[in-house]
2 protein chains.
Amino acid sequence: MNVSSLRCLRCHGEFDWDGEAYLCPRCPEGASVGDAGILDVQYDYKAAREQLFANGGLASERRDVFRYLPVLPLEQPAELLPAGGTPLFGVRTFAQQYGLAAVLLKDETREPTRALKDRATTIATARARKLGHTDIYCASAGNAAISMAAFAANTGMRAHAFVPSDASEVRLGWLTRLGADVRRSSGDYDQAFAEAESMRERGWYSRNCAFNPVLVEGKKTVAYEIVEQLGWRAPDLLICPVGDACTLSAAGKGFRELAAMGITETLPRLVGVQAAAVSPVVSSFRGVTLAPRPDEQAEAETAAASIKVKRPRNLRRLLSELEQSAGVMIAVGDGAIRRAQQQLAGEAGVIAEFTSAAALAGLERLAEHESLAGRTAVLLITGGRPDD
Amino acid sequence: MNVSSLRCLRCHGEFDWDGEAYLCPRCPEGASVGDAGILDVQYDYKAAREQLFANGGLASERRDVFRYLPVLPLEQPAELLPAGGTPLFGVRTFAQQYGLAAVLLKDETREPTRALKDRATTIATARARKLGHTDIYCASAGNAAISMAAFAANTGMRAHAFVPSDASEVRLGWLTRLGADVRRSSGDYDQAFAEAESMRERGWYSRNCAFNPVLVEGKKTVAYEIVEQLGWRAPDLLICPVGDACTLSAAGKGFRELAAMGITETLPRLVGVQAAAVSPVVSSFRGVTLAPRPDEQAEAETAAASIKVKRPRNLRRLLSELEQSAGVMIAVGDGAIRRAQQQLAGEAGVIAEFTSAAALAGLERLAEHESLAGRTAVLLITGGRPDD
């Protein structure tokens, strides 16, 4: 394993990893977990690069996330539901309509439980098993919890899902069928998150991506796959819906690692998209931000359940990634997301969940703001549970 | 392209392929398409084997169905929604419970539109485009039509979906969002099939797997993938739900081709599973058949919408494949399917549609009937649209 240390993204302190640290030992732990810093896994990248490649090509013949084992916090691959290895493909009409050289969809609806979350769950499940945990928990509007519950079912662990009061009945039904212990909060996602993290003292393993640093390591594999699928080249733009800010941060980390190892020469601009009704990252970012078009109706609520997060736990991480990539944060209305969801189906033949369609709505907004001529954009289609 | 001829499975006549034959020119065309024979694509397998392999390994680096291009009726790969390349993985608790060496799931819920149907649609769409068709049609309870509509949307073709009167509203909603022309029959699947095939005279391209012989060619790639994933070895048992009888027939053809080319040494026993309420293949097969356990309640209806077919159009093909593989046909009650669906979720973490769970219910029934000790069984999890 090439993990060299953990770094706190708040105090920038660096320390050895004991295998299960969640909080920075130097930062004061306050009322919320965010106050104790967010940890970032560091590697010996020289060793990692050497292990990644052999005889001019990638050493691993695996097709799941463990293809990139040398940059993961695990000694060896785990035999779980195989996550990752999803296709990347172009949609010509999108490129024409928005004036780019290419618009590519990274189709994460083809993960084991239909969501990119599975990349993170793989690592969490493998780590939890290695450490001898029998119980795993997370806060989630549905996708992360369903992912956790499926992997737990597959490995005989107990899954505890903390869901907001307005969680979809269909998603709750699947959590139950997957054997999860479902704990419905009386409040929103933020409250469910707090309730979940209060369980830490029971010795359960946290699958909260914004808290347990190994989750981001799983999510970052999507950047490695994209770069490999493009012939070891980074795209110009990486566009992704933003809720707790983990996924886009993780992709940003992956792209930075690839550049640091000398595998790619450029970094993509990270483009984060939030629903206008709940867009705290757009408000916090000091770089380029775009509001919905003036003629779009302002909504008080959003149907984008998977990114309806008022207090993004990985805000610090994402703001740093956005700065390093000259990134953009975009707020789009639900009307624009709905049109994008329809466009994904009617033009690309892709059945995406409402939240995921925000990536395409973001591309539309960005293309109105500036010319994207000659660029290649990759849209993360993060989930494929469209009707709940 | 290595296609050498078409063979009629009814009169056994062989003739040249003009690229679009649906019916046997020698068999009398009667009231139903089945009366005009079912055609089977033949190849120059010596040439195909040479092209499949190079330098000791598979020549193609593609991960979709076009990986096996030398045994497909196309000159070159088509750039469509990437179908195929799905994982095969074991579930230890199933092997223990039913007394096998291994029970492996071939997870076709990870296809572009969540169903194995996409393998067939890929070939149909590529052929239709090559022939200059702008319209494509099929009869379907949902999965095949959604698959067709998605590929049509992705390529700018018009899709015409003929659905039974009791088609799920959720599936109809997705057909509409994918831009399909939805034609709801006043009758069942069999009537929708007849209505669909009456459109042939308009010059539309048929995506009916039981009619257009190229569809089976796409479906058979699942056998090639399984064999490759097992290290170029066939499993002992291949278990699959049976409706129109196309999918299991196609897998059987793939396994036979692999053996004929000398790539594998054995054929798997094909095990077809039908819902007891609609089980015409179980009734027609003269080999080993199993009825539901005597204590299972007999149902007059079935919720297994995707295999609710009273007149299986590929019956002749499947009966032949079953005979050649010493196969088994099994009828299971909806109660057993429901338990199997729950078991797939709760033990394997796999979210399968009701119909697909019939494969596991079939394994349970077969294991009651005979010892499967030492065997490796592959279950085709054909679809992942669980709630409609």
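On a predicted model such as this, the values are computed, not experimentally measured, just so you know.

Visitor: So what about the overall build of chain A? Which residues, and what values?
Guide: Of the regular secondary structure elements, chain A holds 13 helices and 16 strands. Relative to the globule expectation of 21 Å for 388 residues, the C-alpha radius of gyration of chain A, 19 Å, shows essentially globular dimensions. Out of the 388 residues belonging to chain A, those deemed buried represent 65%. Taking all contacts inside chain A whose residues are at least 6 apart in sequence as the whole, residues at least 24 apart take part in 72%. Surface summary for chain A: the accessible area is close to 13,400 Å², and the carbon and sulfur share equals 46%.

Visitor: Please provide a residue-by-residue account of the relation of the copies chain A and chain B, values included.
Guide: Between chain A and chain B, the superposition needs a rotation of 180° and an axial shift of 0.0 Å, giving an RMSD of 0.0 Å. Given the turn and translation reported, the copies of this chain are related as if by a two-fold rotation axis. Residues of chain A ranked by C-alpha distance from the rotation axis are headed by Arg 110 of chain A, positioned 2.5 Å from it. When the interface residues of chain A are mapped onto chain B, 100% of them again fall at the interface, so both copies present the same face.

Visitor: Which residues make up the packing of aromatic side chains, and what values do they have?
Guide: What the rule picks out here adds up to 14 aromatic pairs over all chains. Note on Tyr 68 of chain A and Tyr 224 of chain A: the rings are 5.5 Å apart at their centroids and 40° apart in plane angle, and the pair reads as tilted. One end of the pair, Tyr 68 of chain A, is in the loop between strand S5 (57-58) and strand S6 (88-90); the other, Tyr 224 of chain A, is in helix H8 (residues 221-229), with 156 residues separating them in the sequence. You can call Tyr 224 of chain A buried: its relative accessible area is 1%. With 6.4 Å between their ring centres and 50° between their planes, Tyr 137 of chain A and Trp 204 of chain A make a pair best called tilted. Of this pair, Tyr 137 of chain A sits in strand S8 (residues 135-139) while Trp 204 of chain A is found in the loop between helix H6 (189-197) and strand S11 (205-206), placing the two residues 67 residues apart along the sequence. No difference in accessibility class separates Tyr 137 of chain A from Trp 204 of chain A, as the two residues are buried. Taken together, Tyr 22, Tyr 205 and Phe 211 of chain A form an aromatic cluster joined through their ring pairs. Stacked on the ring of Trp 174 of chain B, the Lys or Arg Arg 177 of chain B has its end atom at 4.1 Å from the ring centre.

Visitor: Outline the packing of H8 of chain A against helix H9 (residues 246-260) of chain A, supporting the account with residue identities and numerical values.
Guide: All names here are of chain A. One can describe the packing of H8 onto H9 by two numbers: an axis separation of 7 Å at closest approach and a directional angle of 55°. Compared by their axis directions, H8 and H9 come out oblique. Viewed along their axes, H8 and H9 form a crossing whose handedness is right-handed. Residues Val 222, Ala 223, Tyr 224, Ile 226 and Val 227 of H8 form the contact with H9, whose participating residues are Ala 251, Gly 254, Phe 255, Glu 257 and Leu 258.

Visitor: Lay out the layout of surface pockets in plain terms, naming residues and giving numbers.
Guide: Residue and element names in this part refer to chain A. For the second largest pocket, the calculated volume is near 440 Å³. Along the walls of the second largest pocket sit 28 residues, with Asp 166, Thr 302, Ala 303, Ala 305 and Lys 308 positioned nearest its centre. Residue assignment for the lining of the second largest pocket shows that the elements contributing at least two residues are H6, helix H12 (334-348) and helix H13 (354-369).

Visitor: Describe in detail the environment of Val 328 of chain A, supporting the description with residues and values.
Guide: Residue and element names in this part refer to chain A. Positionally, Val 328 belongs in strand S15 (residues 328-332). For Val 328, a relative accessible area of 0% corresponds to the buried category. Sequence spacing of Val 328 and Phe 193 is 135 residues, and the spatial spacing of their C-alpha atoms is 27 Å.

Visitor: So what's going on with the interface of chain A and chain B? Which residues, and what values?
Guide: On the chain B side, the residues contacting the 35 residues of chain A number 35 residues. Summing the contributions of chain A and of chain B, the shared interface buries around 3,000 Å²; its carbon and sulfur component is 46%. Counting every contact that joins chain A to chain B gives zero salt bridges. The interface formed by chain A and chain B includes 13 residue pairs in polar contact (both at pLDDT 80 or more). Broken down by secondary-structure element, the contributors of at least two residues to the side of chain A that touches chain B are helix H4 (143-155), helix H5 (169-177) and H12 of chain A. A breakdown of the residues in the side of chain A that touches chain B according to their chemical character gives 18 nonpolar, nine polar and eight charged.

Visitor: Give a detailed account of the sheet that holds strand S14 (residues 288-290) of chain A, specifying residues and quantitative values.
Guide: All names here are of chain A. The seven strands lie next to each other as S6-S7-S16-S12-S13-S15-S14, forming an open sheet whose pairing is mixed. In the strand order of this sheet, the two ends are held by S6 and S14, each with one partner. Averaged over all pairs of adjacent strands, the angle between strand axes in this sheet comes to 20°, irrespective of strand direction. Sheet topology note: the strand S7 (residues 102-107)/strand S16 (residues 376-381) ladder contains six bridges and is parallel. Pairing of Ala 102 across the sheet is with Thr 376, part of S16.

Visitor: Before we move on, could you go through helix H9 (residues 246-260) of chain B and cite the residues and values that matter?
Guide: Residue and element names in this part refer to chain B. Relative to the 21 Å expected for 15 residues at 1.5 Å per residue, H9 spans 21 Å between its end C-alpha atoms, a close match to the ideal helical length. Among the 15 residues in H9, twelve count as buried, and that is most of the element. Phi turns positive, to about 75°, at Gly 262, one or two residues after H9.

Visitor: So, the pairing of strand S12 (residues 237-241) of chain A: which residues are in play, and what are the values?
Guide: Residue and element names in this part refer to chain A. Counting buried positions along S12 gives five out of five residues, so the element sits mostly inside the fold. Side chains of S12 alternate between two faces, with Leu 237, Ile 239 and Pro 241 and Leu 238 and Cys 240 buried alike. Pairing of S12 with strand S13 (residues 269-275) involves five bridges; the strand directions are parallel. Looking at S13, one finds that Leu 238 is bridged to Leu 270. Taken together, S12, H9 and S13 constitute a β-α-β crossover, and its handedness is right-handed.

Visitor: Quick one: what's the story with the sheet that holds strand S2 (residues 14-15) of chain A, residue by residue and with numbers?
Guide: Residue and element names in this part refer to chain A. Sheet architecture is open: three strands sit in the order S2-S1-S3, paired in antiparallel fashion. In the strand order of this sheet, the two ends are held by S2 and strand S3 (39-43), each with one partner. Where strand S1 (residues 3-8) lies against S3, five bridges are found, and the strand directions are antiparallel. Following the sheet pairing, Arg 7 is matched in S3 by Asp 40.

Visitor: Give a detailed account of the side chain of Glu 217 of chain A, specifying residues and quantitative values.
Guide: Tracing the backbone shows Glu 217 of chain A in helix H7 (residues 214-219). Residue contacts for Glu 217 of chain A: discarding those within four places in its chain leaves Asp 40, Val 41, Tyr 43, Val 71, Leu 72, Pro 73, Lys 253 and Glu 257 of chain A.

Each value, and the rule that gives it
- Residues numbered from 1 in each chain as written.
- Chains lettered and ligands numbered in written order.
- Predicted model: local features only at pLDDT ≥ 70, side-chain atom pairs only at ≥ 80, totals over all residues.
- Heavy atoms only, no water.
- Helix = DSSP H or I, 4+ residues; strand = E, 2+ residues; numbered from the N terminus.
- Rg over C-alpha atoms; globule rule 2.2 N^0.38 Å.
- Buried < 20%, exposed > 50% of the residue type's maximum accessible area, 1.4 Å probe, protein only.
- Contact = heavy atoms within 4.5 Å.
- Areas by Shrake-Rupley, 256 points an atom, 1.4 Å probe, with all protein chains shown as cover.
- Least-squares fit on C-alpha atoms with pLDDT ≥ 70 in both.
- Phe/Tyr/Trp six-rings, centres within 6.5 Å; stacked < 30°, edge-to-face > 60°.
- Lys NZ or Arg CZ within 6 Å of the ring centre and 35° of its normal.
- Axes fitted to C-alpha atoms, helices over the stretch in contact; angles between N-to-C directions.
- Parallel < 35°, antiparallel > 145°, perpendicular 65-115°, else oblique.
- Left-handed = near helix turned anticlockwise from the far one by under 90°.
- 1 Å grid on protein atoms, 1.4 Å probe; cavity = no way out; pocket = protein on both sides within 12 Å on 5 of 7 lines; lining within 4 Å.
- Points joined across faces, edges and corners; volume = space filled by probe spheres on them.
- Buried area = accessible area lost by both parts, 1.4 Å probe.
- Salt bridge = Lys/Arg side-chain N within 4 Å of Asp/Glu carboxyl O.
- Polar contact = N/O pair within 3.5 Å; in protein donor to acceptor, adjacent residues only side chain to side chain.
- Nonpolar A, V, L, I, M, F, W, Y, C, P; charged D, E, K, R; others polar.
- Pairing = 2+ DSSP bridges.
- Expected span 1.5 Å × (residues − 1).
- Right-handed = clockwise from strand over helix to strand, strands pointing away.

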